[in-house]
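Coordinate inspection notes
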Amino acid sequence: GQQVMQIPQYQHVQEGEDFTTYCNSSTTLSNIQWYKQRPGGHPVFLIQLVKSGEVKKQKRLTFQFGEAKKNSSLHITATQTTDVGTYFCADHSSNTGKLIFGQGTTLQVKP
Amino acid sequence: NAGVTQTPKFRVLKTGQSMTLLCAQDMNHEYMYWYRQDPGMGLRLIHYSVGEGTTAKGEVPDGYNVSRLKKQNFLLGLESAAPSQTSVYFCASSYDDTSNEQFFGPGTRLTVL
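Residues numbered from 1 in each chain as written. Chains lettered and ligands numbered in written order. Predicted model: local features only at pLDDT ≥ 70, side-chain atom pairs only at ≥ 80, totals over all residues. Heavy atoms only, no water.

A few words now on the overall build of chain B. Regarding its fold elements, chain B presents zero helices and 11 strands. Secondary structure elements in chain B, listed N-terminal to C-terminal, are β-β-β-β-β-β-β-β-β-β-β. On C-alpha atoms alone, chain B measures out to a radius of gyration of 13 Å, which is about the 13 Å that the 2.2 N^0.38 rule sets for 113 residues. Projected onto its principal axes, the C-alpha coordinates of chain B cover approximately 40 × 30 × 25 Å. Within chain B, the fraction of its 113 residues that count as buried is 49%. Across chain B, every contact between residues at least 6 apart in sequence was considered, and the portion connecting residues at least 24 apart equals 55%. Taken as a whole, chain B presents about 5,300 Å² of accessible surface, with 52% of it coming from carbon and sulfur. Charge-centre separation for chain B: the mean point of 10 positive side chains lies 11 Å from the mean point of 10 negative side chains. (Helix = DSSP H or I, 4+ residues; strand = E, 2+ residues; numbered from the N terminus. Rg over C-alpha atoms; globule rule 2.2 N^0.38 Å. Buried < 20%, exposed > 50% of the residue type's maximum accessible area, 1.4 Å probe, protein only. Contact = heavy atoms within 4.5 Å. Areas by Shrake-Rupley, 256 points an atom, 1.4 Å probe, with all protein chains shown as cover. Lys, Arg positive; Asp, Glu negative; His and termini not counted. Charge placed at Lys NZ, Arg CZ, Asp CG, Glu CD.)

Rendered as structure tokens:
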């Protein structure tokens, strides 16, 4: 079945440093959604990317969808302690609404 | 609006016992989903429903059953629990298949001894 690979699994950064997580698939992705899960919490939707080469920004977060729609990335500029959590990408099937999640990247930020 | 709620929050079972996890949403969403989350494996879809009275299998359906008798509720059943079913279970809902986001419940932490 389809797999969505996400790297790295863990990332520790000093507050103020940048952070990037990557999402890759061997097959073409339908739409990419990104979720954030705080420690002990539940996943919360961040954004959806639909078009090839799409770039969207939310304050310090920049989301990209690859030209071939086989990869995506989330970049956080100047991390803050509030950015701590696990970031998941997920391929969204427009037929069923089903999400195929990557394994997630857990971000730790040292103050 | 409460959004998506799950009961119970925690549960410990012995191998072979049965239980039902309840998910409720008050957003009039058509689509509902059950996921399990295990360390290092992200969230994996167990079963889902595209409307009242319908259910379908996800990635890891074995050992689970579901029912959607009412639009607002989605039940996940474990008939004979096994230690491999120790996990955190999340329910989610979305308005339809074109909706941008899924709304997740707070989760149920299940331990099977």
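Residue and element names in this part refer to chain B. Among the seven residues of strand S5 (residues 43-49), seven are classified as buried, and the element is accordingly described as predominantly covered. The turn joining strand S4 (residues 31-37) and S5, which pair antiparallel and follow one another in sequence, is formed by five residues; a positive phi near 75° is taken by Gly40. Note: S5 against strand S6 (residues 56-57), two bridges, orientation antiparallel. When the bridges of S6 are listed, Tyr48 appears paired with Ala56. Turn length for the S5-S6 hairpin, with the two strands adjacent in sequence and antiparallel, is six residues, and the turn residue Gly53 shows positive phi of about 85°. (Pairing = 2+ DSSP bridges.)

The next point concerns the interface of chain A and chain B. Quoted interface sizes are often the accessible area lost when the parts come together. Listed per partner, the contact involves 22 residues of chain A and 21 residues of chain B. Linking chain A with chain B are zero salt bridges, by the criterion used here. Put simply, chain A and chain B have two residue pairs in polar contact (both at pLDDT 80 or more) between them. Sorting the residues of the side of chain A that touches chain B by element identifies strand S4 (31-37), strand S5 (44-49), strand S9 (85-92) and strand S10 (99-101) of chain A as the ones contributing at least two each. Looking at side-chain class alone, the side of chain A that touches chain B contains seven nonpolar, 14 polar and one charged residues. (Salt bridge = Lys/Arg side-chain N within 4 Å of Asp/Glu carboxyl O. Polar contact = N/O pair within 3.5 Å; in protein donor to acceptor, adjacent residues only side chain to side chain. Nonpolar A, V, L, I, M, F, W, Y, C, P; charged D, E, K, R; others polar.)

This part takes up the pattern of salt bridges. Applying the stated rule across the entire model yields five salt bridges over all chains. Two residues, Asp83 of chain A and Arg60 of chain A, come together in a salt bridge whose shortest N-O distance is 2.9 Å. Of this pair, Asp83 of chain A sits in the loop between strand S8 (71-76) and S9 while Arg60 of chain A sits in the loop between strand S6 (55-58) and strand S7 (61-65), placing them 23 residues apart in sequence. In this structure Asp83 of chain A comes out as buried when scored by relative accessible area, which is 5%. When its relative accessible area of 23% is taken as the criterion, Arg60 of chain A is described as partly exposed. Through salt bridges with shared partners, one network takes in Arg36, Asp38 and Arg44 of chain B.

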